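What follows is each chain in one-letter form.
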Amino acid sequence: ASSAAASPQSATSPSTYSAYTGTDPKPLPPPPALGPANTAIADPTFGTKILRVTDENTQSGQSFISIDAGFFRAWNADSTAIKLTGPHGDGYWLEFDPSTFKVGDGSSQPVVHPLPFGARWEWSTIDPHVIYYLNGNQIARYNTVTGVSTNLAAPSNGDPVGYMAVVVGRDYWVCAAAGPGIQDTWTKIFCVNPSSPSLTKFIDTVNKT
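Residue numbers here run from 1 along each chain, matching the order of that chain's written sequence. Local features in this predicted model are restricted to residues of pLDDT 70 or higher, and side-chain atom pairs are both shown and tallied only at a pLDDT of 80 or more, whereas totals for entire chains, interfaces and linings draw on every residue. Where side-chain values are given, they derive from all heavy atoms of the structure, hydrogens and water being excluded.

Moving on: the nonpolar core. Here, the term nonpolar core denotes a set of buried Ala, Val, Leu, Ile, Met, Phe, Trp, Tyr and Cys residues that are joined through side-chain atoms within 4.5 Å. Note on exposure labels: buried denotes an accessible area under 20% of the residue type's maximum, exposed denotes more than 50%, and partly exposed covers the range between, all computed with a 1.4 Å probe on protein chains only. Formed by 14 residues in total, the largest nonpolar core has its most connected members in Tyr-132, Leu-134, Ile-139, Val-174, Phe-190 and Val-192. The secondary structure listing takes helices from DSSP runs of H or I that are at least 4 residues long and strands from runs of E that are at least 2 residues long, numbered from the N terminus. Elements that contribute at least two residues to this core include exactly strand S8 (130-135), strand S10 (149-153), strand S11 (161-168), strand S12 (173-178) and strand S13 (188-192). Throughout, a residue-residue contact means that at least one pair of heavy atoms, one from each residue, lies within 4.5 Å. Residues contacting Tyr-132, with those up to four places away along its chain left out, are Trp-121, Glu-122, Ser-124, Ala-140, Arg-141, Leu-152, Ala-165, Val-167, Asp-171, Val-174 and Pro-194.

Following this line, the structure appears as structure tokens:
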């Protein structure tokens, strides 16, 4: 989707906000009536505008969340697309138009875009059309416009990469856990510079190398 809004790289953050700044608890209001996808409601307590992105008609009624943890990137580089995760760990993305505050084609049945590599991926911080993900033993790049995937690099010692690709800074590095292991047991990190894939780092925390 196109947007006349400034990109995060050129926009200036406001110094003041009209939102409520108190810390006192508020009573739980009755739930507002929800319309179909691409309709908005106002938060009954704070007045915040909330967009319904998916509904019972989306992808045969599947349930979606944006991301599964607060430290992952839900929005692409210029806030014109969002990440969605399906109920089986499957990955999707969906256009967002900040000028109209609508997703997809703006209709009541926006179509999500499935990805062939699941939900453990992350948006580029500088290119709104680029996704980084793990492709077997490789850290890879995917372009949402062309649908083309490109392998960037893999550990030279043959170690597998695991969990998910994580973008560091303005795409300075893309990193992943490496070596055998599961969550909370990995001891190695492999990183690649996506602009110059020949530049890599392999960090072994146990052996301090």
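Structure shown, so let's carry the discussion forward.
Between 30 and 60 degrees the pair is tilted, below 30 it is stacked and above 60 it is edge-to-face, where a pair is any two Phe, Tyr or Trp rings, Trp via its six-membered ring, whose centres lie within 6.5 Å. Overall, the coordinates contain 10 aromatic pairs when judged by the stated rule. Plain terms: the ring middles of Phe-96 and Phe-101 are 5.9 Å apart, the flat faces sit at 80° to each other, and that makes the pair edge-to-face. Judged by centre distance (5.4 Å) and plane angle (70°), the ring pair of Phe-117 and Tyr-142 falls under edge-to-face. Of this pair, Phe-117 sits in the loop between strand S6 (113-114) and strand S7 (121-123) while Tyr-142 sits in strand S9 (residues 138-143); the two residues are 25 residues apart in sequence, bridging distant segments of the chain. A relative accessible area of 17% places Phe-117 in the buried class. Overall, Tyr-142 belongs to the buried group, its relative accessible area being 10%. Three or more aromatic residues joined by ring pairs form one cluster here, namely Trp-75, Phe-96 and Phe-101. Criterion for a charge above a ring: Arg CZ or Lys NZ at most 6 Å from the ring centre, at most 35 degrees from the ring normal. The positively charged end of Lys-83 is found above the aromatic ring belonging to Trp-121, 4.8 Å away from the centroid.

Okay, the pattern of salt bridges next. Working definition: two side chains of opposite charge can pair if their charged atoms are close together. One side-chain nitrogen of Lys or Arg within 4 Å of one carboxyl oxygen of Asp or Glu is enough to make a salt bridge. All chains considered together, the criterion is met by 4 salt bridges. Here Arg-52 ties to Glu-56 by a salt bridge, and the two come within 3.8 Å at their closest N and O atoms. Accessibility expressed as a relative area gives 54% for Glu-56, which makes it exposed. In this structure, the salt-bridge partner of Arg-73 is Glu-122, at a minimum N-O distance of 3.6 Å. With Arg-73 in the loop between strand S2 (49-51) and strand S3 (81-85) and Glu-122 in strand S7, this pair connects stretches of sequence that are 49 residues apart. The partly exposed category is assigned to Arg-73, whose relative accessible area is 26%. Residue classification places Glu-122 among the buried residues on the basis of a relative accessible area of 4%.

Okay, the confidence of the model for the protein chain next. Per-residue confidence from the predictor is given as pLDDT, running between 0 and 100. For the protein chain, per-residue confidence averages 91 on the pLDDT scale, and 94% of positions sit at 70 or higher. In this model residues 1-10 is a low-confidence stretch, pLDDT under 50, and it forms 18 contacts with partners more than four residues away in sequence or in other chains.

As a further point, take the side chain of Glu-122. Polar contacts here mean pairs of N or O atoms no more than 3.5 Å apart (in protein, one a potential hydrogen donor and the other a potential acceptor; neighbouring residues in sequence count only if both atoms are side-chain atoms). A polar side-chain atom of Glu-122 sits 2.6 Å from the main-chain amide nitrogen of Val-167. Excluding its chain neighbours within four sequence positions, the residues that come into contact with Glu-122 are Phe-72, Arg-73, Ile-131, Tyr-132, Met-164, Ala-165, Val-166 and Val-167.

Next up on the list: the environment of Val-130. Position of Val-130 among the secondary structure elements: in strand S8. Take Val-130: its relative accessible area is 7%, and that puts it in the buried class. For the pair formed by Val-130 and Asn-143, sequence separation is 13 residues and the distance between their alpha carbons is 4.8 Å. Apart from the residues within four sequence positions on either side, Val-130 is in contact with Trp-123, Ser-124, Arg-141 and Tyr-142.

Cysteine sulfur pairs qualify as disulfides if the two atoms are within 2.5 Å. By the definition in use, this model includes 1 disulfide. Shown here is the disulfide that connects Cys-175 with Cys-191, its sulfur atoms set 2.1 Å apart. On the S-S bond that ties Cys-175 to Cys-191, the torsion sits near 110°, and the link is right-handed. Here Cys-175 is found in strand S12, whereas its partner Cys-191 is found in strand S13, with 16 residues between them in sequence. By relative accessible area, which is 5% here, Cys-191 ends up buried.

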